[in-house]
Amino acid sequence: MKQGVILINAYSNHPGEMHRVKRLKEAFLPLGVTITVIPNGPNLREIEGDFCIFLDKDRYAAQTLEKKMRLFDRAEAIEVCDDKYLTYLSLEGVVPMPKTVPSLLCYTPDSPLSEELLDSVKKLGFPVVVKESFGSLGRQVYLAKDEGELVSLSRELRLKPHLYQEFIRESAGRDLRVIVVGGKAIAAMERSSKSDFRSNAELGGVCRAYPLGEEERKLCEKTAEHLKLDYCGIDLLWGREGMLLCEVNSNAFFQKFEEVTKTDVAGEYARHIYKEMY
Ligand SMILES: Nc1ncnc2c1ncn2[C@@H]1O[C@H](COP(=O)(O)OP(=O)(O)O)[C@@H](O)[C@H]1O
Ligand SMILES: [Mg+2]
């Protein structure tokens, strides 16, 4: 019997999570693969299956399960994508990205901010984008319009890993979400917001289908290949000299994307997994 597992986060109640689990389960039916849905928990070592679609970002759980079965995405790929600066390090020199400066590890909240760090961030110009390394749905992404805001944000975030990034003006309030499955970019969706520099749909970004051009396709497929991703949602920005990679989401939600682009993301992913496994 062909048997797969979908592992979900122990605490998530996001509607996007329910949707992708349902869609993926449906997509495996015609392939004759039985899917069991399991929330992350302490008994991972007892889980049986040929493979696991790992819809969590818990790196310890991913490594534990990967000792037993093939993970989609792979544990290392999930870990690199989850951390925005690790993603940057991995793709530096591979694909174009906005200029980025990492925060410095800090254990002591009362020590003064590093002047050297502030100086290099100021060279990125204002406004400057500040992002927590771990974050999603636009919630941990900020814009500092001047030095005062930069200093207060840096103080607030200093105990958490974060990064500073050149603000891509040409793309203010607008980005392009591309989903790549099994090395192929399947479609693109433009998201735009009139009220926020962040275009995330969850923050009010309006989504519409966008014809995928060669430049975007190549950039996204190169990214997915380099990070060894079976599945991902990639955010691109329109830069002055071409498209720039903004971030990579392993296991991105795809409800809106399927609706807007009229593609069968779940089916593409299920068929890719089937081909890899059997
Ligand atoms: N360097 C940048 N310049 C301009 N806009 C940006 C930049 N980085 C992020 N954004 C905007 O903020 C949104 C959220 O940032 P992103 O890095 O994708 O984080 P998240 O994981 O929260 O989605 C992006 O979709 C984009 O609209
Ligand atoms: Mg994003």
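Just above sits the structure.
Residues numbered from 1 in each chain as written. Chains lettered and ligands numbered in written order. Predicted model: local features only at pLDDT ≥ 70, side-chain atom pairs only at ≥ 80, totals over all residues. Heavy atoms only, no water.

### Considering the packing of helix α1 (residues 15–28) against helix α9 (residues 265–277)
Two elements in contact, α1 and α9, have axes separated by 8 Å at closest approach and are oriented at 55°. Between α1 and α9, the angle is such that the two are oblique. Crossing angle aside, the handedness with which α1 passes α9 is right-handed. For the pair α1 and α9, the contacting residues are Arg 23, Leu 24, Ala 27 and Phe 28 in the first and Ala 266, Gly 267, Tyr 269, Ala 270 and Ile 273 in the second. Looking at side-chain class alone, the contact of α1 with α9 contains seven nonpolar, one polar and one charged residues. (Axes fitted to C-alpha atoms, helices over the stretch in contact; angles between N-to-C directions. Helix = DSSP H or I, 4+ residues; strand = E, 2+ residues; numbered from the N terminus. Parallel < 35°, antiparallel > 145°, perpendicular 65-115°, else oblique. Left-handed = near helix turned anticlockwise from the far one by under 90°. Contact = heavy atoms within 4.5 Å. Nonpolar A, V, L, I, M, F, W, Y, C, P; charged D, E, K, R; others polar.)

### Overview of the environment of Leu 159
Position of Leu 159 relative to the elements: it lies in the loop between α6 (147–157) and β8 (162–166). According to the relative accessible area criterion, Leu 159 is exposed, its value standing at 52%. With 50 residues separating them along the chain, Leu 159 and Pro 109 place their C-alpha atoms 6.8 Å apart. Excluding anything up to four places from it in sequence, Leu 159 contacts Cys 106, Tyr 107, Thr 108 and Pro 109. (Buried < 20%, exposed > 50% of the residue type's maximum accessible area, 1.4 Å probe, protein only.)

### A word on helix α4 (residues 84–91)
All of the buried residues in α4 are Lys 84, Tyr 85, Thr 87, Tyr 88 and Leu 91. Relative to the axis of α4, the buried residues are bounded by an arc of 155° and lie together on one face. One or two positions beyond α4, positive phi appears at Gly 93, with a value near 85°. (Arc of directions from axis to C-beta.)

### Examining the layout of surface pockets
Once rolled over the atoms, a probe with the size of a water molecule shows which space is left empty. Within this model, the largest pocket holds a volume of roughly 890 Å³. Lining the largest pocket are 35 residues, and of these His 14, Ser 136, Leu 137, Glu 202 and Phe 253 sit closest to its centre. Only α1, β10 (184–192), β13 (242–250) and α8 (255–261) provide two or more residues apiece to the lining of the largest pocket. Residue composition of the lining of the largest pocket, grouped by class: ten nonpolar, twelve polar and 13 charged. Estimated volume of the second largest pocket: approximately 460 Å³. Looking at the lining of the second largest pocket element by element, the count peaks at three residues for β13. Of the residues belonging to the lining of the second largest pocket, the class tally is eight nonpolar, three polar and seven charged. (1 Å grid on protein atoms, 1.4 Å probe; cavity = no way out; pocket = protein on both sides within 12 Å on 5 of 7 lines; lining within 4 Å. Points joined across faces, edges and corners; volume = space filled by probe spheres on them.)

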